[in-house]
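Results of the structural survey
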Amino acid sequence: MNRLSGLLILCLALVAGGCGTREPAELRPPDIVLGEDMCADCGMSITDLRLATAAVTPDGKSLLFDDIGDMLHYRTSHDLPEGTAFFVHDYDSREWLPAHLAFYVQSSTLHTPMGSGLTAFAVKTRAEAMAAEQGTSVMDYETLSAMPLTQMRMH
């Protein structure tokens, strides 16, 4: 075997050895088409991006929701695979963020599609300002997830 063949075999071995060692692709939130995409929990059309949420399973399947409360209800009533990622929109910027990083405000005077009164914020001080306006407090995702669904005014 000549030197060039040996080098080629070495390069192929390195490339082949690198295959299959990648980390799983990072789960990303889906695009939402307002007025066309439907909520996976209640079946209503998603019309307000500020309140829309999503769950993305490890195999890339996206579930869309029109209200944070619907996402929480679906999560507790369906057997989603381990590693499912949950996303919410920042109420102010309408940008996606991982649900576990958001700050939440719930108020009976906040109008949401299914009546949960829940909004999400990327910035804690902004959530605190909204909570002060509403006479309530800010929750993190762990607190929100532990809250009984009966505490939400779901329609």
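Look up: the structure comes first, before these words.
Presented here is a report on the structure given in the accompanying data block. Everything numeric in this text was worked out from a predicted model, so none of it was measured.

Our focus in this paragraph is the state of the cysteines. Under the counting rule described, the total for this entry stands at zero disulfides. Cys 39 forms no disulfide, and the closest cysteine sulfur to it belongs to Cys 42, at a distance of 3.7 Å. Note on Cys 39: relative accessible area 4%, which makes it buried. Residue classification places Cys 42 among the partly exposed residues on the basis of a relative accessible area of 29%.

Now for the pattern of salt bridges. Across all of its chains, the model carries two salt bridges by this definition. Notably, a salt bridge pairs Arg 50 with Asp 48, separated by 2.7 Å at the nearest N-O pair. With a relative accessible area of 19%, Asp 48 lands in the buried category. The closest approach of N and O atoms between Arg 126 and Asp 92, which form a salt bridge, is 2.8 Å. A residue pair is termed long-range when its members are at least 10 positions apart, and Arg 126 in helix H3 (residues 124–134) and Asp 92 in the loop between strand E3 (85–89) and strand E4 (96–98) qualify at 34 residues. Residue Asp 92 is classed as partly exposed on the basis of its relative accessible area, which comes to 37%.

The next thing to look at is unusual backbone geometry. The phi dihedral of Arg 94 is positive, around 65 degrees, even though this residue is not glycine. Tracing the chain through its elements places Arg 94 in the loop between E3 and E4. Accessibility expressed as a relative area gives 39% for Arg 94, which makes it partly exposed.

The rules we used
- Residues numbered from 1 in each chain as written.
- Predicted model: local features only at pLDDT ≥ 70, side-chain atom pairs only at ≥ 80, totals over all residues.
- Heavy atoms only, no water.
- Disulfide = S-S within 2.5 Å.
- Buried < 20%, exposed > 50% of the residue type's maximum accessible area, 1.4 Å probe, protein only.
- Salt bridge = Lys/Arg side-chain N within 4 Å of Asp/Glu carboxyl O.
- Helix = DSSP H or I, 4+ residues; strand = E, 2+ residues; numbered from the N terminus.

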